Amino acid sequence: MTNLENQIITEVNIPVEMKNGTVLRADIYRPNSKGPWPVLLTRLPYGKDNELYIFNDIPRAVQQGYVVIIQDTRGRFASEGDWDPILTANHEASDSYETIHWAANLPYSNGKVGMFGLSYYSFTQWAGMLQQPDPLMAASPALSWSDPFDGFMYRGGAFELGFLSYWQLGMFEDTLPRLYPDQQELALAENQLQSEIEKLQTEIKSLPLKNFAPFTRNKVAPSILEHIKRNVDPEYVDSLLLKGKHEHVTVPTLQIAGWYDIFLQGTIDNFVQMRNNGGSPEARQSKLVIGPWQHIDHSHQVGEINFGKSADSTTIDLIGIHLRWFDHFLKGIDTGITNEAPIKLFVMGENVWRNEYEWPLARTQYTTYYLHSSGRANTLQGDGTLSTVSPIQEKPDHFTYDPINPVPTKGGSIFMLPDFPGGVFDQREIESREDVLVYTTPVLEQVVEVTGPVKVKLWAVSSAPDTDFVARLVDVHPDGTAINLTDGIIRARFRNRGMGEAPSLIEPGKPYLYEIDLWSTSNLFKKGHRIRVDITSSNFPRWDRNPNTGQDFGEDEENDLIPAQQTILHDEEHPSSIVLPIIPRK
């Protein structure tokens, strides 16, 4: 059919047959005038009628001379096949490769293809790029993971329970008709699923994880349950792994990230690897835009904070940035975009956009802030302080981590809608708990900019053979409002995974040094504000609770939750600290 008003020809449910016989279907939007035209393609599992893609102005792209193709991935909506979040990933490389070649050979295509999209359909881009299809000229993978064990399946060895639960139950509304061909059984399954979604906030507490009720009762996510059984098994998720493969990518990428996105660090890591190790000179021209955004919300309101109109993706014309990118690489138009700074980032607090040339920033002054107290840093009313002065002899801090009563999730880089909104939230309620240690600087007499990767080096003792430690960086406003910036977790048995060591239990009562990766942020701590670090042992249900038993992950013994007595050391021999990337201000 023809849209005369916008002069767009629309074709719906166009079949694309893969070599294995599976038929995928796509909608095509193209100019109602003589071509040929370059193609912009996205492949997503959320329904091709769902405008969740970060680049979603199809009429603008078509009017600027592009064919836009939106395809349902295998096993989703109009496409044939079976869907599974891990096993289907094995097909995404070939499905993307074949679809790219199909798109390049359409009669109105000029043979050049670009890809766009966010989250999972950022991954379908990477899967295709790794196959090096000749027609693919450029891509824009937004909000993408790099290592499934760093923010997709796990983080610091802890299971991403909240994200995977809410994502998977939301995903399987489409697949129920495929699982239950009988209409009566289907109706029962749909009612059951809706009930599961409505009560997930309480059901998510069920144990053991290997029999996680919201999944097992609905025949959903068998590979997720298999992954729980396998724990951190790199071979099982190799098809999802991008880390270490960027040298095989030869096309340039425009990457989009958000300071409160679940895949923030993965997107940054992908950008850095493309700039340093991309498989061609063009690939090493990749760019990065980081706003104060969440996973599917790229507006100026992020949780409880309004970062100002300039923070909105529409204000900086993110779609226009995409089109300039594709004009350059698909049309050969010198838009000047490759001559601009490779990084455009938003500095929170100051609420301004700034151009940068490398990550981390070359002028970074890594500054160590040490944890201090007289042994009573519990709650925001405690005596915990933070300063650049190293400790000498100080009493340690103590708290009890009880997995029956974990510290609740409140905001952050999460995607657990509708029960747990993400982004910025005042943390004072969390910081009022006895199992949260709070360390705060004096009131700042001058501004302090923190832009870059943030690490906590924590000396801790536990009474348990395995446990977790969580750290959070907070901006404390003059009225006491405690704004969460970034956080991280480490599971004790995975404390040396970054050094290539196998997981191992700890010896109760023995001090260990834990490095907690808080990923990255960019924030201006204003004069009159304070810098704060919170230390605890849980953030539930964002991450699963450590039962403190030392049993294998997912085992029945998880029902035997036991408290752990935690001791945080900060003395001359055990100087617990946070390392902040300070950017000098003129």
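Rules behind the numbers
Residues numbered from 1 in each chain as written. Predicted model: local features only at pLDDT ≥ 70, side-chain atom pairs only at ≥ 80, totals over all residues. Heavy atoms only, no water. Domains from an automatic or database assignment. Buried area = accessible area lost by both parts, 1.4 Å probe. Salt bridge = Lys/Arg side-chain N within 4 Å of Asp/Glu carboxyl O. Polar contact = N/O pair within 3.5 Å; in protein donor to acceptor, adjacent residues only side chain to side chain. Helix = DSSP H or I, 4+ residues; strand = E, 2+ residues; numbered from the N terminus. Buried < 20%, exposed > 50% of the residue type's maximum accessible area, 1.4 Å probe, protein only. Pairing = 2+ DSSP bridges. Right-handed = clockwise from strand over helix to strand, strands pointing away. Phe/Tyr/Trp six-rings, centres within 6.5 Å; stacked < 30°, edge-to-face > 60°. Lys NZ or Arg CZ within 6 Å of the ring centre and 35° of its normal.

Quick word on the domain arrangement of the chain
Okay, step 1: With domains assigned, the chain is organised as domain 1 (8–150 + 240–356), domain 2 (158–231) and domain 3 (365–583).
Okay, step 2: A buried area of about 1900 Å², summed over both sides, lies between domain 2 and domain 3, and 58% of it is on carbon and sulfur atoms.
Okay, step 3: Ranking the residues of domain 2 by area buried against domain 3 places Ala158, Tyr166 and Leu207 at the top, with a combined share of 30%.
Okay, step 4: Viewed at the interface, domain 3 and domain 2 are joined by zero salt bridges.
Okay, step 5: Counting across the domain 2 and domain 3 interface gives seven residue pairs in polar contact (both at pLDDT 80 or more).
Okay, step 6: If you list the elements that add at least two residues to the side of domain 2 that touches domain 3, you get β9 (158–159) and α4 (161–171).

Considerations on α4
Okay, step 1: Burial analysis of α4 places ten of its eleven residues in the buried class, the great majority of the element.
Okay, step 2: Three or more residues of α4 are buried, namely Leu161, Gly162, Phe163, Leu164, Ser165, Tyr166, Trp167, Gln168, Leu169 and Met171.

Some thoughts on the pairing of strand β7 (residues 136–142)
In regular strands, side chains alternate between the two faces of the sheet.
Okay, step 1: Across the seven residues that make up β7, a large majority, six, are buried.
Okay, step 2: Bridging between strand β6 (residues 109–118) and β7 involves six bridges; their strand directions are parallel. Pairing of glycine 117 across the sheet is with proline 141, part of β7.
Okay, step 3: In this fold, β6 hands off to helix α3 (residues 120–129), which returns the chain to β7; that crossover is right-handed.

Quick notes on the packing of aromatic side chains
Okay, step 1: This model, assessed by the stated rule, comprises 21 aromatic pairs.
Okay, step 2: A centroid spacing of 5.4 Å and a plane angle of 65° characterise the contact between tryptophan 83 and tyrosine 120, whose relative ring orientation is edge-to-face. In this pair, tryptophan 83 is assigned in the loop between β5 (67–72) and α2 (89–104) and tyrosine 120 in helix α3, connecting sequence segments 37 residues apart.
Okay, step 3: Given the relative accessible area of 1%, tyrosine 120 is considered buried.
Okay, step 4: Members of the aromatic cluster, joined through ring pairs, are Trp83, Tyr120, Phe123, Trp145, Phe152, Phe163, Trp167 and Phe263.
Okay, step 5: The ring of tyrosine 108 has arginine 30 lying over it, and the distance from NZ or CZ to the ring centre is 4.2 Å.
Okay, step 6: One Lys or Arg, lysine 331, reaches over the ring of tyrosine 66 and ends 4.3 Å from the middle of that ring.

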